[in-house]
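# A closer look at the structure
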Amino acid sequence: MTSRRFRPARFLRTAALAAALGAALAGAAPALAQDPASLSGILTMEGRGTVSVAPDMAVITASVVSTGKNAAGALSENSIAVARVIEAIKAQGIAAKDIRTRGFGIYPRYDHSKATEGQPEIQGYEIRNGVEVNVRDLAKLGDLLTLVVDSGANAVDGIRFEVSDPGEKLDEARQGAVADARHKAGVFAAAAGVELGGIVSIAESGVDMPRPVMMRAEAMMAKSGPVPVEAGEETIAATVTIRWSLK
């Protein structure tokens, strides 16, 4: 039987060489995997774009409030009044899709001076039924407000102005935001003596849409003629954050 001689020196040399090679590759791996953009630097800039837009639609919210000794009688009176208001609105050319009822309710009216065993006595009922109208032709708004009141609405919550389709204007604001970020990045790069490279990332970091502008009901109810209204302008804004590599 032949025995094999163990050679520790040769074994140790082989292990040391393998360990050294592994360490060299491990040290080189991060450098090989490193993003080239991180070697030259990154410039991050935020840009904001705004577009002014005039509201092109108004939403009127009005109600008919009726009272009576019993709920059935008050409801009948209220239904007739609401139907008269809706008919008057349609006569002004408002499409049926832009008219909807809202806020219907029947509320007992209590007489707390005639409490029986701690419970106030019901002395009648209040019926409330509202109508919400989208007015797409703002030239009709003043006359329509007056008509709603004259035809029977005795509670007007107010009106709000809206932009019916803000999507196109929002895209304009986004384009302005990108241009703003690019302009500021160019200024900073030139001041630092470097050149902008390619865009590493771009993200929308904020959007501001028009908020409905409310008009108080008291102002409308106090007018005897066509109600004067001014829609004014709203602002649509977008904010973007862009990262560039530097050459």
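For clarity, every value in this text was computed on a predicted model and none was experimentally measured.

Within the secondary structure, Glu-132 sits in strand E4 (residues 119-135). Among the polar contacts listed, one links the side chain of Glu-132 to the side chain of Arg-100, at a separation of 2.6 Å. With residues up to four places along the chain from it excluded, the contact list for Glu-132 reads Val-59, Ile-60, Thr-61, Asp-98, Ile-99, Arg-100, Arg-102 and Arg-160.

Under the defined criterion, the tally for this structure stands at 10 salt bridges. One salt bridge connects Lys-169 with Glu-172, and the closest N-O pair in it is separated by 3.8 Å. With Lys-169 and Glu-172 both in helix H5 (residues 167-192) and 3 residues apart, this pair spans about one turn of that helix. Two residues, Asp-180 and Lys-184, come together in a salt bridge whose shortest N-O distance is 3.6 Å. With Asp-180 and Lys-184 both in helix H5, this residue pair falls 4 residues apart, about one helical turn. The exposure class assigned to Lys-184 is partly exposed, which follows from its relative accessible area of 28%. A single salt-bridge network, built from bridges that share partners, covers Arg-100, Arg-102, Glu-132, Arg-160 and Glu-162.

Judged by pairing direction, the sheet is antiparallel, and its 3 strands sit side by side in the order E1-E8-E6 without closing on themselves. Single-partner strands in this sheet number two, and they are strand E1 (42-53) and strand E6 (196-208). With direction set aside, neighbouring strand axes in the sheet form an average angle of 20°. Taken together, the 9 bridges between E6 and strand E8 (residues 234-246) define a ladder with antiparallel strand orientation. Looking at E8, one finds that Ile-202 is bridged to Ile-242. Running at roughly 145° to E1, H5 makes contact with E1, E6 and E8 of the sheet.

Here is what the cut-offs are and how they apply
- Here, residues in each chain are numbered from 1, in the same order as that chain's written sequence.
- In view of the model being predicted, local features appear only for residues whose pLDDT reaches at least 70, and side-chain atom pairs are presented and counted only at 80 or more, with totals across whole chains, interfaces and linings using the full set of residues.
- The side-chain figures draw on all heavy atoms in the structure; neither hydrogens nor water molecules are used.
- Per the convention used, a helix needs a DSSP run of H or I reaching at least four residues, while a strand needs a run of E reaching at least two, with both numbered from the N terminus.
- A 3.5 Å cut-off defines polar contacts: any pair of N or O atoms within that distance qualifies, except that in protein one atom must be a possible hydrogen donor and the other a possible acceptor, and neighbouring residues in sequence count only when both atoms are side-chain atoms.
- Whether two residues are in contact is decided by their heavy atoms: any pair within 4.5 Å suffices.
- Whenever a carboxyl oxygen of Asp or Glu lies within 4 Å of a side-chain nitrogen of Lys or Arg, that contact is scored as a salt bridge.
- For each residue, the accessible area found with a 1.4 Å probe, counting protein chains only, is set against the maximum for its type, and the residue is called buried under 20%, exposed over 50%, and partly exposed in between.
- At least two DSSP bridges between two strands are needed for those strands to be called paired.
- Axes, fitted as lines to C-alpha atoms, cover a helix only where it is in contact. Angles between the N-to-C directions of the axes lie from 0 to 180 degrees.

All quantities given are derived from atomic positions and should not be read as evidence of function.
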